[in-house]
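Observations on the model geometry
As a plain string of letters, each chain reads:
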Amino acid sequence: MVEYSDTVIKILSAFLIAVFGIIVAQIASNITKRLLKGMEINKVLEEQLKVKWQLEKYLAYITRYLIYFLTIIIVLNIMGIPTRVLKIVFIIILIIIVLFVVLAFRDWLPNIVSGFYILRTKKIKKGDNISSKSIKGKVIKVNLLETQIETNNNEVISIPNHNLTKYELRKEKIRNG
């Protein structure tokens, strides 16, 4: 039986994990991109917010590089190289990114989620007569963030979509005459 040194086993293990990490990163990146493409995120952002972000691509890249980074940490750990500082830096960066995203989008996120729901289910469409709380009128525009309603007084009111899905909403049926 051939005996291998600890170093050879560590190097071989690190190499196999690195290859596995690269493959997993590619697969996860492709799944993320396809999932977001199926949700038509870029199209909705462009139509509703008039923003030309390639969010599908960016989120796929972020997924890929996060897995690369985690693979590097695992490989360095297997090789016996101290990764404590690298782990701490990674955790701090991740916390900062999460805080930034949460604070930047805390008002937008519920409205965007509600906007997707309203647009996908078509519960509220342009031309519908709706009433909610003290507002009653005809829907003139629905986008991801808000719905615009024209009241009987010819006032245009913008209501955040989150309010339309959170509170009771009545939709008047159109009667054929």
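Structure report, in brief. Because the structure is a prediction, the values reported are computed rather than measured.

1. Overview of the environment of Ile-91
Inspection of the secondary structure assignment puts Ile-91 in helix H4 (residues 84–105). With 24 residues separating them along the chain, Ile-91 and Gly-115 place their C-alpha atoms 32 Å apart.

2. Focus: a nonpolar patch on the surface
A cluster of nonpolar side chains, contributed by Leu-12, Phe-15, Leu-16, Val-19, Ile-23, Ile-27 and Ile-31, occupies part of the molecular surface with about 670 Å² of accessible area. One can find Val-19 in helix H1 (residues 6–38).

3. Re the pairing of strand E3 (residues 146–151)
Regular strands place their side chains on alternate faces of the sheet. Here five bridges tie strand E2 (residues 135–142) to E3, and the two strands are oriented antiparallel to one another. By the bridge assignment, Lys-138 is partnered in E3 with Glu-150. Strand direction decides the pairing type here: E3 and strand E4 (residues 156–160), joined by five bridges, are antiparallel. Bridge assignment links Glu-146 to a residue of E4, and that residue is Pro-160. With antiparallel pairing between neighbouring strands as the criterion, E3 and E4 make up a hairpin whose turn holds four residues, including Asn-154 at a positive phi of roughly 65 degrees.

About the cut-offs
Residues numbered from 1 in each chain as written. Predicted model: local features only at pLDDT ≥ 70, side-chain atom pairs only at ≥ 80, totals over all residues. Heavy atoms only, no water. Helix = DSSP H or I, 4+ residues; strand = E, 2+ residues; numbered from the N terminus. Patch = residues over 30% accessible without salt bridge, like charges linked within 9 Å, V, L, I, M, F, W, Y side chains within 5 Å. Areas by Shrake-Rupley, 256 points an atom, 1.4 Å probe, with all protein chains shown as cover. Salt bridge = Lys/Arg side-chain N within 4 Å of Asp/Glu carboxyl O. Pairing = 2+ DSSP bridges.

Honestly, that's just the spatial picture; any functional story needs more than this.
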